[in-house]
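Observations on the model geometry
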Amino acid sequence: MQLVVVKFRYSTTFDHWATMEDIDKSKCKVCFAVGILVKENEEITKVALLYSEDKGAASNWVDIPTPCVLSCEVVKEIDWEVPNV
């Protein structure tokens, strides 16, 4: 399991009238997701804020189209022991 920081392009929408000059200046947002990397392939990168290894479940995740990923930095390899409480 890996703790990661994913930098990615996120689509941006606008809801007002603008000149073509202003429209040409608009750009996608660059965003960051931090968490547990739960899936990564050529189509999708999934990062979860919450993860329970003993339950094999996650919560509060984001699906990022992998072609939008600018970088994926591994902060730490994780091999936590999960005690039964």
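Residues numbered from 1 in each chain as written. Predicted model: local features only at pLDDT ≥ 70, side-chain atom pairs only at ≥ 80, totals over all residues. Heavy atoms only, no water.

**Here's the deal with the side chain of Thr 45**
The test is simple: The helix count covers DSSP runs of H or I at least four residues long, the strand count covers runs of E at least two residues long, and both are numbered beginning at the N terminus. Within 3.5 Å is the distance limit for a polar contact, defined as a pair of N or O atoms, with the added protein rule that one can donate a hydrogen and the other accept it, and that residues adjacent in sequence qualify only through two side-chain atoms. Between two residues, a contact is recorded if the distance between any of their heavy atoms is within 4.5 Å.
For Thr 45, the position within the fold is in strand β3 (residues 44–52). A distance of 2.9 Å separates polar atoms of two side chains, one belonging to Thr 45 and the other to Thr 66. Ignoring sequence-local partners within four residues, the contact set of Thr 45 consists of Leu 37, Lys 39, Glu 40, Val 62, Asp 63, Ile 64, Thr 66 and Val 69.

**What to know about the sheet that holds strand β4 (residues 57–65)**
For clarity, the cut-off: Any two strands are treated as partners once DSSP identifies two or more bridges connecting them. Between N-to-C directions, angles span 0 to 180 degrees; the directions come from axes that are lines fitted to C-alpha atoms, helices contributing only their stretch in contact.
Here 5 strands make up an open sheet; going across it, the order is β4-β3-β2-β1-β5 and the pairing antiparallel. Lying at the two open borders of the sheet, with one neighbouring strand each, are β4 and β5 (69–77). Ignoring strand direction, the axes of neighbouring strands in this sheet form an average angle of 35 degrees. Note that strand β1 (residues 2–10) and strand β2 (residues 29–40) share 8 bridges and pair antiparallel. Counterpart to Tyr 10 in the pairing with β2 is Lys 29.

**Here's the deal with unusual backbone geometry**
Comment: phi is negative for the bulk of residues other than glycine, and the bulk of peptide bonds are trans. Here the phi dihedral of Asn 60 falls at roughly 55 degrees; this positive angle occurs in a residue that is not glycine. Along the chain, Asn 60 turns up in strand β4.

**Some details on the environment of Val 62**
Just so we agree on the cut-off: Burial here depends on accessible area, computed with a 1.4 Å probe over protein chains only, as a share of the maximum for the residue type. Under 20% is buried, over 50% is exposed, and the range in between is partly exposed.
Positionally, Val 62 belongs in strand β4. The class of Val 62 is partly exposed, set by a relative accessible area of 28%. Excluding residues within four positions of it along the chain, Val 62 makes contact with Ala 33, Thr 45, Lys 46 and Val 47.

**Some points on the nonpolar core**
General note: in soluble globular proteins, nonpolar side chains tend to be found buried as a group. Convention followed: Definition of nonpolar core: a set of buried residues of the types Ala, Val, Leu, Ile, Met, Phe, Trp, Tyr and Cys, connected through side-chain atoms within 4.5 Å.
Of all hydrophobic cores here, the largest spans 7 residues; its members are Val 4, Val 6, Phe 8, Ala 33, Leu 37, Val 47 and Ile 64. Elements with a contribution of two residues or more to this core: β1 and β2. By residue number, the principal contributor to this core is β1, which donates 3 residues. Leave out the neighbours within four places in its chain, and Ile 64 touches Val 6, Phe 8, Ala 33, Glu 43, Ile 44, Thr 45 and Val 69.

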